[in-house]
Amino acid sequence: MKVLVDTSVRYLALRKTPRAEKDIDVVSRLTDVIKDSRVAIIGAIRHELLSGISSSEKFEQLKGRMRSFEDLPLNTEIYELAAEFSNACRINGVQGSHTDFLICAVSAHYNIPVFTLDKDFESYRQHIELKLY
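The shown structure was predicted, so the numbers you read here are calculated from the model rather than taken from an experiment.

How each quantity is defined
- Residues numbered from 1 in each chain as written.
- Predicted model: local features only at pLDDT ≥ 70, side-chain atom pairs only at ≥ 80, totals over all residues.
- Heavy atoms only, no water.
- Core = buried A, V, L, I, M, F, W, Y, C linked by side-chain atoms within 4.5 Å.
- Buried < 20%, exposed > 50% of the residue type's maximum accessible area, 1.4 Å probe, protein only.
- Helix = DSSP H or I, 4+ residues; strand = E, 2+ residues; numbered from the N terminus.
- Contact = heavy atoms within 4.5 Å.
- Phe/Tyr/Trp six-rings, centres within 6.5 Å; stacked < 30°, edge-to-face > 60°.

Trainee: Quick rundown of the nonpolar core? Include the residues and the values.
Mentor: Grouped together as the largest cluster of nonpolar side chains are 40 residues, with contacts concentrated most on L4, I42, F85 and Y124. For this core, the leading source of residues is helix α6 (residues 98-110), giving seven residues. Beyond its immediate chain neighbours, meaning those up to four positions away, Y124 contacts C89, V94, Q95, G96, S97, D100, F101, C104 and L130.

Trainee: Break down unusual backbone geometry for me, citing the residues and quoting the values.
Mentor: For S37, which is not glycine, the phi dihedral falls at a positive 55°. Inspection of the secondary structure puts S37 in the loop between α2 (21-35) and β2 (39-40). One non-glycine residue, N111, lies in the positive phi region at around 55°. Mapped onto the secondary structure, N111 falls in the loop between α6 and β3 (114-115).

Trainee: I'd like a rundown of the packing of aromatic side chains, residues and numbers included.
Mentor: Any aromatic ring pair is given by two values, namely how distant the centres are and how the planes are angled relative to each other. All told, the structure shown has three aromatic pairs when counted by the stated rule. Considering the side-chain rings of F101 and Y124, the 4.7 Å spacing of their centres and the 45° angle between planes classify their relative orientation as tilted. One end of the pair, F101, is in helix α6; the other, Y124, is in helix α7 (residues 120-125), and 23 residues separate them in sequence. The burial state of F101 is the same as that of Y124; both residues are buried. Considering the side-chain rings of F121 and Y124, the 5.2 Å spacing of their centres and the 75° angle between planes classify their relative orientation as edge-to-face. Here F121 and its partner Y124 are both found in helix α7, three residues apart, which amounts to about one turn of the helix. The pair formed by F121 and Y124 is uniform in burial state, with each residue classed as buried.

Quick look at the structure:
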């Protein structure tokens, strides 16, 4: 089964040196998903991950590494579902970013879990269809 890997997990693996036991476990789980060719990504996650890198050399290195992961195709139905999820959460007092709700919609559309460290996804899951890894 594919796993939609959120930016928070990739940041930990690619930009930080894991120190805590929990960080080491997360990086190990990500490594297993990569080795098993189960990584799913969308353009919005790729954009978040590559944004803010001040060194053009590091940018090109990461961009090259990320090219081995193909973006899942998105369609109108997915964007509409993202808006529906955003509305459902907002009605219940839960705010989130457009990218987060797009990730949730992709997860629901493709029936794949989201691998994230972002606690906001736990809040979303109380009001929308969402599987977490």
